[in-house]
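Below are the chains, spelled out letter by letter.
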Amino acid sequence: MKLASALRDAALSALVAFGLFVALIGLHLVPTDSGLILVGRPWALVLIVAAVFVGRLAMLLWLHVRPAGTATPRRLAAGMTRAGRYVAPVFLVLALTLPLYGGRYMLDTGILVLTYVMLGWGLTIVVGLAGLLDLGYVAFYAVGAYSYALLSTTWHLGFWTTLPVAGLLAALWGIMLGFPVLRLRGDYLAIVTLAFGEIIRVVLINWTSLTNGSNGITDIPRPTLFGLKFNASGDPDSFAGFFHLDYSITQRFVFLYYVILALALLTNWVSLRLRRLPLGRAWEALREDEIACRSLGINVTTTKLTAFAIGAMFGGFAGAFFATRQGFISPESFNFMESALVLSIVVLGGLGSQLGVALAALVMIGGTELFRDFAEYRMLIFGLALVVMMVLRPRGLVAGRTPSIALGTRREIAAELVAEGRG
Amino acid sequence: MSTLLRLSGVTAFYGAIQALKGVDLEVNEGEIVTLIGANGAGKSTLMMTICGTPRARHGAIVYDGQDITQLPTYQIMRRGLAQSPEGRRIFPRMTVHENLLMGAHGHASGMVGETIEQVFALFPRLKERQAQRGGTLSGGEQQMLAIGRALMSRPRLLLLDEPSLGLAPLVVRQIFGAIRDLNRSTGLTVLLVEQNAFQALRLAHRGYVLVNGAITMAGGGAELLARPEIRAAYLEGGH
């Protein structure tokens, strides 16, 4: 009886897989001298459909065999929550000492991961705390990057002077996005923010006189350490020359690594502080019940706008860093995929959890680097990973909510009690 | 006795639908005034209109001698009014303590500790449950929390929207008792919207009856309670 329905379900899944993969995998284009020719790959198709059938059947049977109401997920969650207290300091120490044991490749990956950690922490303020679903976060990343790129190439302003300006401009754009969406929630808000992200990108492509269009901006200056440049000249105003060291390109990577680490930790510190201030609590209250907030005399408008502005500001900082690290930016770096990536980091990490975001960024970005050899299947693997995650831990890696204020010890609220997708 | 809140000729609309049709109402300092009426009479709308959402289209709302008709909601709520909204609307994932702190949002922080103790003295149950999440409280406890949260701003006028909604009679008595104690001991002025006409009129000094967006009767609590048409419409027929 059960087996029959499981078989039927598995067959149905196999049928869906067949429909999906018949063209994607069953057909293969091969370039030859006389042009492209189409080659059939029936065995690959059969293999993948069979895999789906067997996998679905195994999953259904496993779900059936497993006793109902098993306590494993709850224990796992409690364990992860407890481990969280020790994991964070260990990760911090590992991050701080990475330049001591990591090579250039690891540093480069570390810089990339930390950029996304920072973006994730910035977006957590908007999505995790204030509960405003923002699908266009990359817009602020772009504003920050272009602010630095344009200010430094036209007026030769340094990185450290421009960084706050980039943050402020991004915050301003955050407020500009905030005004039209004040009355929107949920799906509608998501659509408008998505459009906003695209508008910024399209403007960057088409405003060629300012942004040089899709050719992007090149020769963006590198950051300096108190005026010391990182180059091979050996001059007294270069880092190597000043400290009488042999020049090595690693020095610049180590410096960039510590810059982004400091910026990310700043983001983390500020959002942790804000959560304990009345403003942060108002964000959380807003996420829970907007009408109740109004009845308590909370100014909903400014509360929402500050969330957008502060979240956007950190996106702008990260953008300025991105521009100075790359030395080159173009609108293509700021497409919707970036927004989606940052949002999935935040959701995967467990909305509102700082450690969760860091872990998710490590898995998503570091994982992408690990799977570099399977570049073609990367998106497939991550799509699969996301689906599996959402089935097994629908509230994210580190779910749960620590009260912002407590008498005596803070007690983490278990993941099971936190609604899905709300944190 | 001075008038703390006065509504004159207030109308309010939801789109094209008129919810309030020229309401006149007064609440004097130190009074408990109740507004009773059937479902859909406009009781909650009246409460919300005092707070500025929806805004009154005609008429004036004067609080403590100042016209507040056109003020934004958050400014109205900072002038000494506080509301415990319909359906309680506590923050389910925040702790009882955090919920209470939200009530003090935008008010001087110096008194917060003292006020919390006063709320705990009024509702000792909240003190026991202060580390618990709001959503895990029982209905009665949630109502206590909603009232306690409103009291956190140290209001002069407390607006209570159907505190008896969905609660057991014993709990309703407990909560109404707390409102009476509060009024007697601190002189807090209360405007109480209720469907539970019998309990509300027994508690209140004065009462108004709202029918289809207009006040049809007004008078002392005991006096209204004695009227045959009230008994027929809201006491015997309704319950």
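Thresholds, definitions, all that
- Residues numbered from 1 in each chain as written.
- Chains lettered and ligands numbered in written order.
- Predicted model: local features only at pLDDT ≥ 70, side-chain atom pairs only at ≥ 80, totals over all residues.
- Heavy atoms only, no water.
- Helix = DSSP H or I, 4+ residues; strand = E, 2+ residues; numbered from the N terminus.
- Rg over C-alpha atoms; globule rule 2.2 N^0.38 Å.
- Buried < 20%, exposed > 50% of the residue type's maximum accessible area, 1.4 Å probe, protein only.
- Core = buried A, V, L, I, M, F, W, Y, C linked by side-chain atoms within 4.5 Å.
- Contact = heavy atoms within 4.5 Å.
- Buried area = accessible area lost by both parts, 1.4 Å probe.
- Salt bridge = Lys/Arg side-chain N within 4 Å of Asp/Glu carboxyl O.
- Polar contact = N/O pair within 3.5 Å; in protein donor to acceptor, adjacent residues only side chain to side chain.
- Domains from an automatic or database assignment.
- Phe/Tyr/Trp six-rings, centres within 6.5 Å; stacked < 30°, edge-to-face > 60°.
- Lys NZ or Arg CZ within 6 Å of the ring centre and 35° of its normal.
- Pairing = 2+ DSSP bridges.
- Expected span 1.5 Å × (residues − 1).
- 1 Å grid on protein atoms, 1.4 Å probe; cavity = no way out; pocket = protein on both sides within 12 Å on 5 of 7 lines; lining within 4 Å.
- Points joined across faces, edges and corners; volume = space filled by probe spheres on them.
- Nonpolar A, V, L, I, M, F, W, Y, C, P; charged D, E, K, R; others polar.

A few words on the overall build of chain B. Tallying secondary structure elements over chain B gives 10 helices and 10 strands in all. For 239 residues, the compact-globule estimate of 2.2 N^0.38 gives 18 Å, and chain B sits close to it at 17 Å. Along the first, second and third principal axes, the C-alpha set of chain B runs to 45 × 40 × 35 Å. A buried classification covers 55% of the 239 residues belonging to chain B.

Tyr116(A), Met118(A), Tyr257(A), Trp283(A), Ile329(A), Phe334(A) and Ile345(A) are the most contacted members of the largest nonpolar core, which has 88 residues in total. Sorting elements by how many residues they give to this core places helix α4 (residues 104–129) of chain A first, with 14 residues. Leave out the neighbours within four places in its chain, and Ile329(A) touches Ala145(A), Tyr146(A), Ala149(A), Gly216(A), Ile217(A), Ile220(A), Phe322(A), Ala323(A) and Phe334(A). Of all hydrophobic cores here, the second largest spans 47 residues; its members include Ala104(B), Leu137(B), Leu192(B) and Leu201(B).

In this complex, chain A contributes 28 residues to the contact, which on the side of chain B involves 22 residues. Here chain A and chain B share an interface that buries about 2,500 Å² over both sides, 62% of which is from carbon and sulfur atoms. Three residues, Glu288(A), Ser295(A) and Leu296(A), lead the burial of chain A against chain B; their summed loss comes to 25% of the area buried on that side. Across the chain A-chain B interface, the total number found is 2 salt bridges. In this structure, Glu288(A) and Arg93(B) form a salt bridge, with 3.0 Å as the shortest nitrogen-oxygen distance. On inspection of chain A and its partner chain B, the count reaches 3 residue pairs in polar contact (both at pLDDT 80 or more). Sorting the residues of the side of chain A that touches chain B by element identifies α11 (278–288) and α12 (290–295) of chain A as the ones contributing at least two each.

What follows concerns the domain arrangement of chain A. Domain annotation for chain A reports domain 1 (2–65) and domain 2 (92–417). The centre of domain 1 of chain A, based on its C-alpha atoms, is set 38 Å off from the matching centre of domain 2 of chain A.

If you walk through the whole model with that rule in mind, you get 15 aromatic pairs over all chains. With a centroid separation of 5.1 Å and 80° between ring planes, the pair formed by Phe242(A) and Phe243(A) is classed as edge-to-face. Residue classification places Phe242(A) among the partly exposed positions, given a relative accessible area of 47%. Take Phe243(A): its relative accessible area is 43%, and that puts it in the partly exposed class. Chaining the aromatic ring pairs together yields one cluster made of Phe230(A), Phe239(A), Phe242(A), Phe243(A) and Phe255(A). Directly above the aromatic system of Phe13(B) lies the positively charged group of Arg57(B), at a separation of 3.9 Å from the ring centroid. Over the aromatic face of Phe91(B) sits the side chain of Arg149(B), whose NZ or CZ is 5.0 Å from the ring centroid.

Residue and element names in this part refer to chain B. Examined bridge by bridge, strand β3 (residues 32–37) and strand β9 (residues 206–211) share 5 bridges and lie parallel to one another. In the sheet register, Thr34 faces β9, and the bridge partner there is Gly207. Judged from the 6 bridges that link them, β9 and strand β10 (residues 214–220) form a sheet pairing that is antiparallel. Note that in β10 the partner of Gly207 across the bridge is Gly219. If you look at the hairpin formed by β9 and β10, you'll find 2 residues sitting between the two strands, and Asn212 has a positive phi there, around 50°.

All names here are of chain A. In a regular helix each residue adds 1.5 Å, so 18 residues correspond to 26 Å; helix α5 (residues 138–155) covers 25 Å between its end C-alpha atoms and thus fits that length. Counting buried positions along α5 gives 14 out of 18 residues, so the element sits mostly inside the fold. A positive backbone phi angle near 55° is found at His156, which sits one or two residues after α5.

On to the sheet that holds strand β4 (residues 58–63) of chain B. All names here are of chain B. Across the sheet, which stays open at both edges, the 4 strands sit in the order β2-β1-β4-β5 with antiparallel pairing between neighbours. One side of each edge strand has no neighbouring strand; the edge strands of this open sheet are β2 (17–28) and β5 (66–67). Pairing of strand β1 (residues 3–14) with β4, which is carried by 5 bridges, proceeds in the antiparallel orientation. From the neighbouring strand, Arg6 faces β4, where its bridge partner is Val62.

Our next topic: the environment of Arg93(B). Residue and element names in this part refer to chain B. Looking at the secondary structure, you find Arg93 in the loop between β6 (81–84) and α3 (96–103). Among the residues examined, Arg93 registers a relative accessible area of 11% and is labelled buried. Spatially, the C-alpha atom of Arg93 lies 5.6 Å from that of Arg133, the residues being 40 residues apart in sequence.

Our next topic: empty space enclosed by the protein. Per the counting criterion, the structure on display carries 1 cavity of 30 Å³ or more. Its boundaries defined by the atoms lining it, the largest cavity holds a volume of some 60 Å³. In this structure, the largest cavity is lined by Ser295(A), Leu296(A), Gly297(A), Met77(B), Leu81(B), Ala82(B), Gln83(B), Gly103(B), His107(B), Arg149(B), Ala150(B) and Ser153(B). Counting only elements with at least two residues in the lining of the largest cavity, the list comes to β6 and α6 (139–151) of chain B. Ranked by residue count, the leading element in the lining of the largest cavity is β6(B), at 3 residues. Residue classes in the lining of the largest cavity are distributed as 5 nonpolar, 6 polar and 1 charged.

So, on to the side chain of Ser84(B). Residues and elements named next belong to chain B. You can see Ser84 is positioned in strand β6. A polar contact of 3.4 Å, which involves the side chain of Ser84, links it to the side chain of Gln143. Beyond its immediate stretch of four places on either side in the chain, Ser84 contacts Gln143, Ala146, Ile147, Ala150, Leu159, Leu160 and Asp161.

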